[in-house]
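A look at the structure
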Amino acid sequence: MGLQGWKQISSQYLRAVRYNAIKQELEMSFKDGGYETYFGVPPNTFESFITAANKDQYHQNHILKHYPAMAHR
């Protein structure tokens, strides 16, 4: 999978993210090769994620079980 349009991030598990503010879709690419799309993620949640000191922890606590998702492997 190419990472065109993706923002690479510093994280233990995550490789990169891509966000569509119009659709409120957050895509996350994982270092294990998979990726997930989260639906209904508001811009402020994405901004908080991007600025979080620990992105893995923010993902676990504020995104993972709060928004519907589709995994792509």
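Everything below is about the structure printed above this text.
Residues numbered from 1 in each chain as written. Predicted model: local features only at pLDDT ≥ 70, side-chain atom pairs only at ≥ 80, totals over all residues. Heavy atoms only, no water.

1. Here we look at helix H2 (residues 55-63)
All of the buried residues in H2 are Lys 55, Asp 56, Tyr 58, His 59 and Ile 63. One face of H2 carries all of its buried residues, which in axial projection span an arc of 165°. Contacts from the buried residues of H2 go to strand S2 (14-20), strand S3 (25-30), strand S4 (35-39) and helix H1 (43-51). The distance from a side-chain oxygen at the start of H2 to the backbone nitrogen of Asp 56 is 3.1 Å, and the residue carrying that oxygen is Asn 54. (Buried < 20%, exposed > 50% of the residue type's maximum accessible area, 1.4 Å probe, protein only. Helix = DSSP H or I, 4+ residues; strand = E, 2+ residues; numbered from the N terminus. Arc of directions from axis to C-beta. Contact = heavy atoms within 4.5 Å. Polar contact = N/O pair within 3.5 Å; in protein donor to acceptor, adjacent residues only side chain to side chain.)

2. Some details on the pattern of salt bridges
Throughout the structure, instances matching the rule amount to one salt bridge. The partner of Arg 18 in a salt bridge is Glu 27, with the nearest N and O atoms 2.9 Å apart. Judged by relative accessible area, Glu 27 falls into the buried class, the value being 16%. (Salt bridge = Lys/Arg side-chain N within 4 Å of Asp/Glu carboxyl O.)

3. Here's the deal with the environment of Ala 71
Within the secondary structure layout, Ala 71 lies in strand S5 (residues 69-72). The sequence separation of Ala 71 and Glu 25 amounts to 46 residues, and the corresponding C-alpha distance is 13 Å. Excluding residues that lie within four positions of it along the chain, Ala 71 makes contacts with Tyr 35 and Glu 36.

4. Things to note about the packing of aromatic side chains
The tally for this structure, following the rule as stated, stands at three aromatic pairs. Ring geometry for Trp 6 and Tyr 35: centres 6.2 Å apart, planes at 85°, overall edge-to-face. You can see Trp 6 sitting in the segment before strand S1 (7-8) and its partner Tyr 35 sitting in strand S4, a full 29 residues away along the chain. Owing to a relative accessible area of 10%, Trp 6 belongs among the buried residues under this scheme. On the basis of relative accessible area, Tyr 35 is assigned to the partly exposed category, the value being 24%. Between Phe 49 and Tyr 58, the ring centres sit 6.2 Å apart and the planes meet at 55°, which makes this aromatic pair tilted. The exposure class assigned to Tyr 58 is buried, which follows from its relative accessible area of 14%. (Phe/Tyr/Trp six-rings, centres within 6.5 Å; stacked < 30°, edge-to-face > 60°.)

Such coordinate-based values are descriptive only and should not be taken to indicate function.
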